[in-house]
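Read off the chains here:
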Amino acid sequence: MDLVPRLGSGIPLVARTTEIDQLRSALARADSGTAGAVLVSGDAGVGKSRLLDELAHYAAEQGALVLSGRCLDVGETGLPYLPFAEVIAQLLRIDPVAVASRPALGRLLPGPTTTERSEPGEPIAVTPPPGRHHGQPERDLAQLQLFDALFAVLSELAEDHCVLLIVEDLHWADPSTRDLLSFLLSRLRDQRLLIVASYRSDDLHRRHPLRRLLAELVRLPAVERLDLTPFNTADARAFVAALAEKPMPEDLIAQVAEKSEGNAFFAEELMDACLDTDGVPTVLADVLLARVERLSSATQTLVRLASVAGRRVRHARLQGVAKRVGVEFDEALLEAVQHNVLQVDRADFYAFRHALLREAVYGDLLPGERVRLHAAYAQDIAASIAEGGSRRGLAAALAHHSLESNDLTTALDSSVRAGFEAMDVGAPAEALRHIEEALKLWDAVAADVRPAKTSEDDLLRKASYLAGASGEPERAVAFARSAVDQVDAVQDPEQAAETYRRLALALHAVEGRDQEAVDAIEHAWRLVADRPPTRTRSWVLAVRASTLRRVNPDGARWSAEQAIEDGRATGSGGAEADALATLGLLDGYAGNVDMAKQHLAAAVRRAAASEAFSTELRARYFLGMHNLDEGRLDEAVRYYDECVERARSTGLAWSSYGLELRIAQMIGKYANGDWDGAQAASEPPGRPVSDTVLARLAAGGAFVMVGRGRLDEAEKTLKELRGHWHRDLEIVMYSGYCGAALYVWRNDPDRAAGMVNDVLAWLAKAGIDWHLGVIRLSAWGITAQVMRAHRARLDRDSAKEQAAIAEADRLLTLAENNAVHGLPWTGQLGPEGQAWLVTAKAERTRLTGPGDPAAWQAAVDAFSYGDVYLQALSRLHHAESLVATTAGREDAAAELAAANQVAARLGATPLATAIADLARRSRLNVPGLATPRDHVDPFTPRERAVLTLVAAGRTNRQVGEELYISEKTVSVHLSRIMAKLGASRRAEAVATAYERGLLEPSG
């Protein structure tokens, strides 16, 4: 993708609302006669200058006089008064008389100036005081004269304007500049003057001279502080997105935002480099290393040693390794901390101030130096382990440093141990990383020194499980296939069966791999079918039951019952629990809901007792689905909140059923009106996961986007999701629901109908004959046909109208058939499916008129189980049908009022707009809505006249003749009308205007 970074001042100010508001408030107080000062602090690159640029621009727009000066880094002493010399030079251009009348200011002006004003209109020049070239006057007196002169001229200017004085980079200020600033700030009273000064907080080591001055200044009543912190995660992503003029992949945005740690300058440099390399961009590295190069030689060596440990290092570890390599420690460490290169991080750790600083230092190491220092760390860690050290993370650290120092044998052994440690504490993603590293090293290490009691097959099976538990189902399949290639079924049938069972589980979690999963588990079953009960046999039976439950329910039930028997005989509680969960599903399909819930609840208890957490989540998911399917939304959401937390606490938040629970939580929250919670649940994890996981989350998140009117964002998301339909059926169905709704709200029935037909065609191609989601999809499709039929009537096109009616009838039949043949969790169509079926029938009544009030009342009642948004949408259509009846207007107003309350609470902008439009064109006084006379006509009088004549069938020429304007002018007015209505042709503009009540039907 061609990314064009927009660096520098061209970047919009992002996520600094609080800070800019504080500065604007201070400016407003100054403008009203209360002088003040703001000290702005923040790390280098965090955005201080950008914020002050925004303030200066705003102040200039408000009529303030803006002056600015900047300190420069030119050594320990700096240039005396440099920022104020810049200010005085600006004052000379603004008001030369005021500067000329105060000779003390001339000391800070460049070059000799000798002319004097003799006549009006002649140029003004300033004569430097004698002391500048002819013998220095007493320093204190000269300084006081300068201070008084500058304060006087600022005060004088402030009588006519509010004055904003900005001084940047105080951390480089010379003593004289600091004194002058202190003088000015101590005299702020009732002048129309605001002084804003910035400095780098990360440059202020403990003995920095600015520290003492800041402590004095903050005690002044006119002075306030503003600490500019790095962006949070969301703001950092927004800033990175703003850096590119063209859309960029979300993963790249997240990567740059993460590496920048909220620092604007770092983000700019990283974006400029577009992350073409793993290292730090050269310009950024030079800036970062400049801070380190100011330190003493011993301190630089210690900092380089610390960089080998990573971002953070324990005090004892750094001290021990420093001793091993002969590096001075105490004084060097003190200097590194004082100069903010290293920071104290908790009691016994030190951390680099920014991860990129560490990367720059580490990247500057020579190859041999890097290997030598890693080896020193490995030796120190190995010594700690030999002495009985058992702290978590030692194995992982030893594996890393051994690998980097080319000790592959130790790296392999430590990687395996680190993987097992991570599994023990419920960290599958970290465990997978270590096991993968071990698999990479396996063939590089001689067989006789590989870890005992571990085989490559074992590692591959574990990697498959961990990949699935980490939200990477496709990689889980890949590892499982590799394990199958390694297994020897003749030598060890139990282990071979275990390997094929792992493959079946991995395949079962991926869309479209069901038959492969059946083949794999049947292979595993053949290997152990004639063997006595074992843990492996019970698990093979349990997975066989789960895999066969849809294609062979009888075989699945037998396998589940046998798995329970084997599991109890062998003490395999996890297999027993998994089989109980499958029995619960089979009972539900058969309509035995009470028995289904009993089996699922028993599965949850048995799995938890056996610490079979994946199985526990599976049983919890299906148990919660009964709440959803039976319409108990609030209960379902509470339960899924609990389940998602359970998944997180067991380290399985992004496993197969961890994800299912999160999706169910998201849909439940969306339905019961917690749209903020639904949006939060749709956020991806802060680490890499599979495209399937990301696509499913994005598909679920599209519901809130569409509902809240973020239609452009939703359309972009749905277009991106189209390439992921093959991954999961839910992605397809959610895309269909949201896409159809999106185009209905956009008043584009053709594209809404196209989205519905696209999904139906995909289902047919995939061989899916019946799906309960088709009921909802068909209802949206009928809505699109209603819009088509209405437009056809306006265009007097009876053929198109009849075609729309015929298509609506086809969709209604499709919905009714899926209601009969679909397979609900509880064996019968639940409240949600019933409500959508009622809605489809109610929509059918709108094909030839405003709709049947009784049918829409039924839809309102059907959604009363708890789906607040869909009930509000039904109330809108119910009101629309009521206003067409003589006695229904009062009831219509009540329905719109109830719907509007929901729309306002949810932030459902399209629904709220539709409610207001119906109230306006029906002239209903609805509580909470503006009355019809409050409506502002979107058209000018001339545009309305043109639109009215076009609606009456006039051509552009005829319209021009009637209104005494040219045909070209008519075309211009029509273009503006179509732009306001979002229409692409005149007939569409007329139809849209009628639908929105912007035109009264004729006759």
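Note that this is a predicted model, so its numbers are computed, not measured.

1. Observations concerning the overall build of the protein
For the protein, the helix and strand inventory stands at 46 helices and eight strands. By residue count, 53% of the 1003 residues in the protein fall in the buried class. When the accessible surface of the protein is split by element, carbon and sulfur atoms take 50% of a total near 44,300 Å².

2. Observations concerning the pattern of salt bridges
Applying the stated criterion across every chain yields a total of 62 salt bridges. For the salt bridge of arginine 708 with aspartate 676, the shortest nitrogen-to-oxygen distance reads 3.0 Å. Here arginine 708, found in the loop between α32 (691-707) and α33 (711-721), pairs with aspartate 676, found in helix α31 (residues 675-681); they are 32 residues apart in sequence, far enough to count as distant. Put simply, Lys597, Glu630, Arg632 and Glu635 are held in one network by salt bridges that share partners.

3. With respect to helix α23 (residues 514-528)
Between its first and last C-alpha, α23 extends 22 Å over 15 residues, near the 21 Å set by a 1.5 Å rise per residue. Looking only at α23, the buried set comprises Ala517, Val518, Ala520, Ile521, Glu522, Ala524, Trp525 and Val528. Buried positions along α23 lie against α22 (493-508), α24 (535-548) and α25 (553-570).

4. Things to note about unusual backbone geometry
Most peptide bonds adopt trans geometry, and most residues besides glycine take a negative phi value. Here glutamate 611, not a glycine, exhibits a phi torsion of approximately 60 degrees, which is positive. Its location among the elements puts glutamate 611 in the loop between α27 (593-610) and α28 (613-629). You can call glutamate 611 exposed: its relative accessible area is 58%. Of note, arginine 796 is a non-glycine position whose phi angle comes to about 55 degrees, a positive value. Among the structural elements, arginine 796 can be located in the loop between α36 (773-794) and α37 (798-821). Exposure remark for arginine 796: the relative accessible area of 76% places this residue in the exposed category.

5. A word on the pairing of strand β8 (residues 349-352)
Residues Phe349 and Ala351 of β8 are buried on one face, and the alternating residues Tyr350 and Phe352, pointing to the opposite face, are buried as well. Of the pairings in the sheet, the one linking strand β7 (residues 342-344) to β8 comprises three bridges and is antiparallel in character. Within β8, the residue paired with glutamine 343 across the bridge is alanine 351.

6. Examining the sheet that holds strand β5 (residues 223-227)
Spatial ordering of the open sheet is given by β2-β3-β4-β1-β5, a layout of five strands whose pairing is parallel. Taken across any chain shown, the strands that pair with only one partner, and hence form the sheet edges, are β2 (65-70) and β5. The average angle at which neighbouring strand axes cross in this sheet is 15 degrees, direction not considered. One ladder, built from seven bridges, connects strand β1 (residues 36-42) with strand β4 (residues 193-200); its direction is parallel. Pairing of valine 38 across the sheet is with valine 196, part of β4. Together, β1, β2, β3 (163-168) and β4 form the strand contacts of helix α2 (residues 48-61), whose direction differs from that of β3 by roughly 165 degrees.

7. Describing the pairing of β1
Where burial is concerned, most of β1 is hidden: seven out of the seven residues are buried. Where β1 lies against β5, five bridges are found, and the strand directions are parallel. Across the sheet, alanine 37 pairs through a bridge with valine 223, a residue of β5.

8. As for the packing of helix α35 (residues 749-765) against α36
Direction vectors running N to C along α35 and α36 enclose 145 degrees, while the axes themselves pass 8 Å from each other. Of the two possible hands of crossing, α35 and α36 adopt the one that is left-handed. Judged by residue contacts, Pro749, Asp750, Ala752, Ala753, Val756, Val759, Leu760 and Leu763 of α35 engage Val774, Leu777, Trp780, Gly781, Ala784, Gln785, Met787, Arg788 and Arg791 from α36.

9. Comments concerning the packing of helix α41 (residues 889-906) against helix α42 (residues 909-921)
α42 packs onto α41 with a crossing angle of 155 degrees between their chain directions and a minimal axis gap of 9 Å. Considering their axes alone, α41 and α42 lie roughly antiparallel with respect to each other. In the crossing of α41 with α42, the sense of the turn from one axis to the other is left-handed. In contact with Leu896, Ala899, Asn900 and Ala903 of α41, α42 contributes Leu911, Ala912, Ile915, Leu918 and Ala919. When the residues that make up the contact of α41 with α42 are grouped by side-chain class, the tally is eight nonpolar, one polar and no charged.

10. Details of the nonpolar core
Membership of the largest hydrophobic core comes to 177 residues, with the highest contact counts inside it found for Tyr621, Tyr640, Tyr869, Leu896, Leu911, Ile915 and Val926. For this core, the element with the most residues is helix α34 (residues 729-745), which contributes twelve residues. Ranked by size, the runner-up nonpolar core spans 49 residues in total, among them Ala35, Phe84, Ala149 and Leu210.

11. Considerations on the sheet that holds β8
Pairing in this open sheet of three strands is antiparallel, and the strands run β6-β8-β7 from one edge to the other. Of all the strands in the sheet, the pair left with one neighbour each is β6 (312-314) and β7. Sheet twist, expressed as the average angle between the axes of neighbouring strands with direction ignored, equals 30 degrees. Helix α14 (residues 330-338) rests against β7 and β8 of the sheet, and its axis sits at about 90 degrees to β7.

12. Thoughts on the environment of alanine 306
Following the sequence through the fold, alanine 306 ends up in helix α12 (residues 297-309). A residue is classified by how much of its surface remains accessible, and alanine 306, at 0% relative accessible area, is buried. With 55 residues separating them in the primary sequence, alanine 306 and valine 361 have C-alpha atoms 9.3 Å apart. Not counting residues up to four positions away in its chain, the partners in contact with alanine 306 are Val313, Leu318, Phe352 and Tyr377.

13. Notes on the side chain of serine 470
Mapped onto the elements of the fold, serine 470 is located in the loop between α20 (456-469) and α21 (473-486). Using a relative accessible area of 0% as the deciding quantity, one classes serine 470 as buried. Within the structure, the side chain of serine 470 is placed 2.7 Å from the backbone oxygen of leucine 466, a separation counted as a polar contact.

14. Topic: α20
In a regular helix each residue adds 1.5 Å, so 14 residues correspond to 20 Å; α20 covers 20 Å between its end C-alpha atoms and thus fits that length. Most of α20 sits out of view: eleven of its 14 residues are buried. Of the positions making up α20, those classed as buried are Asp457, Asp458, Leu459, Leu460, Arg461, Ala463, Ser464, Leu466, Ala467, Gly468 and Ala469. Tucked into the core, α20 has its buried residues touching α18 (408-424), α19 (428-442), α21, α22 and α30 (656-671). Following α20 by one or two positions, glycine 471 has its phi on the positive side, about 85 degrees.

Thresholds, definitions, all that
Residues numbered from 1 in each chain as written. Predicted model: local features only at pLDDT ≥ 70, side-chain atom pairs only at ≥ 80, totals over all residues. Heavy atoms only, no water. Helix = DSSP H or I, 4+ residues; strand = E, 2+ residues; numbered from the N terminus. Buried < 20%, exposed > 50% of the residue type's maximum accessible area, 1.4 Å probe, protein only. Areas by Shrake-Rupley, 256 points an atom, 1.4 Å probe, with all protein chains shown as cover. Salt bridge = Lys/Arg side-chain N within 4 Å of Asp/Glu carboxyl O. Expected span 1.5 Å × (residues − 1). Contact = heavy atoms within 4.5 Å. Pairing = 2+ DSSP bridges. Axes fitted to C-alpha atoms, helices over the stretch in contact; angles between N-to-C directions. Left-handed = near helix turned anticlockwise from the far one by under 90°. Parallel < 35°, antiparallel > 145°, perpendicular 65-115°, else oblique. Nonpolar A, V, L, I, M, F, W, Y, C, P; charged D, E, K, R; others polar. Core = buried A, V, L, I, M, F, W, Y, C linked by side-chain atoms within 4.5 Å. Polar contact = N/O pair within 3.5 Å; in protein donor to acceptor, adjacent residues only side chain to side chain.

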